[in-house]
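# Structural description and commentary
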Amino acid sequence: MFYRQLLSNSRTCGPKIITMSRGYRMSSSAAASTARTAAVSKPAAHNYVEDKSKGMMLRFQESLPRLPVPTLEETAARYLKSIHPLVDTEQFKKTEDIVKKFISAQGEGPELQKKLLARAAEPNMKNWMYEWWNDAAYLTYRDPVVPYVSYFYAHKDDRYRKAPAARAASIATAALEFKKQVDSNMLEPEYMRKIPMCMDSYKWMFNASRIPAEGKDYPKKYSNSQFLIIMRKNRFYVLPHEIDGVQLSTSELEEQIQKIIEDADRKGHGPAVGALTSENRDKWTKFRSDVISSNANNKDLLEQIQASSFIIALDDSRPVTFTERAHQFWHGDGCNRFYDKPLQFIVCDNGVSGFMGEHSMMDGTPTCRLNDFVCDAIAKKKVDLSNRSSGAAVENIKVNELQFVINDQVKKDIDTSKSDFDSVIALHELDVQSYQRYGKNLIKQFKSSPDAFVQMIIQLAYYKMFGVSRPTYESASTRQYQLGRTETCRSVSDDSVAFVKTFMDKSADSSSKIAAARRAMDSHVKYITAASAGHGVDRHLFGLKNLVDKDSQLPELFKDPSYSYSCSWYLSTSQLSSEYFNGYGWSQVIDDGFGIAYMINNNSLNFNVVSKKLGSSKLAYYLREAADDMADVFSTELDIKAKL
């Protein structure tokens, strides 16, 4: 079979490791691509050059390798392997023939590949995917950013700061400490297996905003404005965090935030201008024009919100359960937010706090690091949270509300936005499975990859509920490359299907189940390793598809039912973990699917399950049951070893 021949020819794309200079390591697949096109990928022993003039954070940036372009044969083999467990024999044979034709000398593939290699080799092209992906996945996406693009983290409680002003002030102080490191480029880069990661997206963290525009939004970075926006009762307040170069102390920030709470509570709810940002992007573009045209000062007020260092939203709610908190931080009430900001910390009246991020220019890893830093700095007193005076001229600070003057049209726009928001959120259901039996520590005792282990928990849970395995997405970071973002890890394999069927087979013994699970986890690790090295399937095919001339017919590969089905993420999954979080999540990506955000902490697992009323609570139950099943079976190995 053509499929088997491709697999045989692409064996070199496996997990074999090549030792790099300075002790770094990379997969052989990335090295192999370089031999063909030096401008496209990194050399076999990549030299990371430190340019200390760029500061600590960006010192490796210019020497990071470029995102590789896999060979057609490699992608064809991996693509067919991912399709095989998803379709029947007849459909697979059709797809196999289509792929064979596509990559042949007579097919469209070689010419598209040639164009893609040329694009990747352009001297000023740092990443052939970057602009395409930002536009297609985010900036041209017209559905509301909430709930479809934004994401959240829920912080564990601060037992010492239950008053919202105190909690908000401590978060502000810690976040501003992180901001100093980013602004000064003194933040240490992130690393993956000792390889430095791209830090370019950090520039979009502070003093930035997404701006709505007809057809395609755009990001805007502002000069280093030294103020926060504090929201309360739908009102926007400007709070300077620095005066004449002196940062306000935590106690001084707390005093000003308390004044804002009292002022807003006295006035009551203001016009919910922030609700407009929850709309369809083209509608928000129109509504923004209405706001600006209704009063000459309104444009400047919007600019101040967009230019702020970040937002702290003070909600007059008191969420208690994990599910209540998830709803609060994922979307809130649709009014006391400005959803275009990449950073919004949220503090409720009972001191419960969390974070909401806008996703277009930054993936979750930078903001996860920010929030982990904030919580750690507060818990371990790494920042000054005392009642000291900063010496800043705080007597000159006045509570300054940004008072929008709006007409009847804007009032109508706000009402429309609130109604649309309520309708969209009502379509969804969310459930949290906070699993406390075990976590990363026990999984490592099982001699397993924690992420692959949890991915198989998800596969087993879905199979328990639906009796079938369907296309599954897991995010794989490609930040080892310049301007790298993500690639798709296709989690369903022949081995994962065999695994779930074996686990559901009442006649299978523990050793058979463990063997099947290990094969499935090994397959998963191989795929995500290749994907992180830029050798996945989906971004390469996306790039080839993007280069089809507008006047040309789309190649049959992209019209094949197997292609559209295999890109329909019935399970969209991703992991970000912190011992300081008790929640993390976002939306599903198709109406027939689930969004499962998960955390793997030392002694616990956390699953946030979202869908359009497909049974999120039921799937959360099966996740717990699957996690128990996996542990029960794998523990038999530990029991045997203990007896020995």
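Look a little higher up for the structure.
Residues numbered from 1 in each chain as written. Predicted model: local features only at pLDDT ≥ 70, side-chain atom pairs only at ≥ 80, totals over all residues. Heavy atoms only, no water.

## Quick look at the overall build of the protein chain
The test is simple: Helix and strand labels come from DSSP, where a helix needs a run of H or I of at least four residues and a strand needs a run of E of at least two; each type is numbered from the N terminus. We compute the radius of gyration over the C-alpha atoms and compare it with the globule rule, which gives 2.2 Å times the number of residues raised to the power 0.38. Per-residue accessibility, obtained with a 1.4 Å probe over protein chains only, is compared with the maximum for each type, and a residue is labelled buried under 20%, exposed over 50%, and partly exposed between these values. Contacts between residues were defined by any pair of non-hydrogen atoms, one from each residue, lying within 4.5 Å.
Secondary structure assignment for the protein chain yields 22 helices and 22 strands. Radius of gyration (C-alpha) of the protein chain: 25 Å, near the 26 Å computed for a compact globule of 644 residues. Overall, the protein chain is about 75 × 65 × 50 Å in size when its C-alpha atoms are taken along their principal axes. For the protein chain, buried positions account for 61% of its 644 residues. Once local pairs closer than 6 in sequence are excluded, the contacts in the protein chain between residues at least 24 apart make up 74%.

## A look at the packing of helix 10 (residues 281-294) against helix 14 (residues 408-426)
Relative placement of two packed helices is described by the angle separating their axes and the distance separating the axes. Note the cut-off: Under this scheme, a helix contributes an axis fitted over its contacting stretch, all axes are lines through C-alpha atoms, and angles between N-to-C directions fall in the 0 to 180 degree range. Any angle that is under 35 degrees is reported as roughly parallel, and any over 145 degrees as roughly antiparallel; angles of 65 to 115 degrees are reported as roughly perpendicular and all others as oblique. Each helix crossing is assigned a hand: it is left-handed if the near helix lies turned anticlockwise from the far helix by less than a right angle, otherwise right-handed if that turn is clockwise.
Packing of helix 10 against helix 14 leaves a shortest axis separation of 9 Å and a crossing angle of 150°. Between helix 10 and helix 14, the interaxial angle falls into the category roughly antiparallel. Crossing of helix 10 over helix 14 shows left-handed handedness. Taken together, the residues of helix 14 that come into contact with helix 10 (itself represented by Lys283, Lys286, Phe287, Asp290, Val291 and Ser294) are Gln409, Val410, Asp413, Thr416, Ser417 and Asp420.

## Focus on the sheet that holds strand 13 (residues 344-348)
Picture the strands of a sheet paired through backbone hydrogen bonds; they go either parallel or antiparallel. Basically, it comes down to this: One requirement defines pairing of two strands: DSSP has to find at least two bridges between them.
A sheet is described by the order of its strands in space; here eight strands give the open sequence 15-9-8-12-13-14-3-20, paired in mixed fashion. In the strand order of this sheet, the two ends are held by strand 15 (400-402) and strand 20 (581-585), each with one partner. With strand direction ignored, the average angle separating the axes of adjacent strands in the sheet is 25°. Bridge count between strand 3 (residues 151-155) and strand 14 (residues 353-357): four bridges; the pairing is antiparallel. Along strand 14, the bridge assignment pairs Phe152 with Met356. The strands touched by helix 8 (residues 164-183) are strand 3, strand 8 (227-232), strand 12 (311-315), strand 13 and strand 14; relative to strand 13, the strand with the most contacts, the crossing angle is about 160°.

## Here we look at helix 9 (residues 250-267)
Where we set the bar: One less than the number of residues in a helix, times 1.5 Å, gives the span that helix is expected to have.
Here helix 9 is 18 residues long and its end C-alpha atoms lie 26 Å apart, about the 26 Å a rise of 1.5 Å per residue gives. Where helix 9 ends, the next residue or the one after it, Gly268, has phi of about 85°, a positive value.

## Topic: empty space enclosed by the protein
Put simply, the test is: Throughout, the protein atoms alone are placed on a 1 Å grid, and a set of points is a cavity if a 1.4 Å probe fits but cannot get out or a pocket if it is open with protein on both sides within 12 Å along at least five of seven lines; lining residues have an atom within 4 Å of a point. Grid points are joined across faces, edges and corners, and a volume is the space filled by probe spheres set on the points. Residues are sorted three ways: Asp, Glu, Lys and Arg are charged, Ala, Val, Leu, Ile, Met, Phe, Trp, Tyr, Cys and Pro are nonpolar, and all the rest, Gly among them, are polar.
In the structure shown here, the tally under the stated rule is seven cavities of 30 Å³ or more. Considering only enclosed or pocket space, the largest cavity measures out at about 130 Å³ in volume. Sorting the residues of the lining of the largest cavity by element identifies helix 6 (130-139), strand 18 (486-490) and helix 19 (538-546) as the ones contributing at least two each. Along the lines of polarity and charge, the residues of the lining of the largest cavity split into eight nonpolar, six polar and three charged. Of the pockets and cavities examined, the second largest cavity occupies roughly 100 Å³.

## So, the state of the cysteines
Quick note on the threshold: By definition, disulfides here are pairs of cysteine sulfur atoms that lie within 2.5 Å.
Applying the stated criterion across every chain, the model contains zero disulfides. Its sulfur unpaired, Cys368 is 9.8 Å from the next cysteine sulfur, which belongs to Cys375. Residue classification places Cys368 among the buried positions, given a relative accessible area of 8%. Left unpaired, Cys567 is separated from the closest cysteine sulfur, that of Cys489, by 14 Å.

## Re the packing of helix 10 against helix 11 (residues 298-307)
Look at helix 10 against helix 11: their axes get within 7 Å of each other, and the N-to-C directions meet at 125°. The orientation of helix 10 with respect to helix 11, classified from their angle, is oblique. Contacts from Arg288, Val291, Ile292 and Ser294 in helix 10 reach Asn298, Lys299, Leu302, Glu303 and Gln306 in helix 11. Each residue belonging to the contact of helix 10 with helix 11 can be placed in one class, and the counts come to three nonpolar, three polar and three charged.

## A word on the sheet that holds strand 18
With mixed pairing, the six strands of this open sheet are ordered in space as 16-22-21-19-17-18. Lying at the two open borders of the sheet, with one neighbouring strand each, are strand 16 (429-435) and strand 18. Neighbour to neighbour, the strand axes of the sheet diverge by 25° on average, direction disregarded.

## Examining unusual backbone geometry
Going from Val146 to Pro147, the amide bond is cis rather than trans, its omega being 10°. The phi angle at Asn234 is positive, at roughly 75°, despite the residue not being glycine. With respect to the secondary-structure elements, Asn234 resides in the loop between strand 8 and strand 9 (235-240). Phi is positive for Lys447, close to 60°, though the residue is something other than glycine. Residue Lys447 is classed as exposed on the basis of its relative accessible area of 65%.

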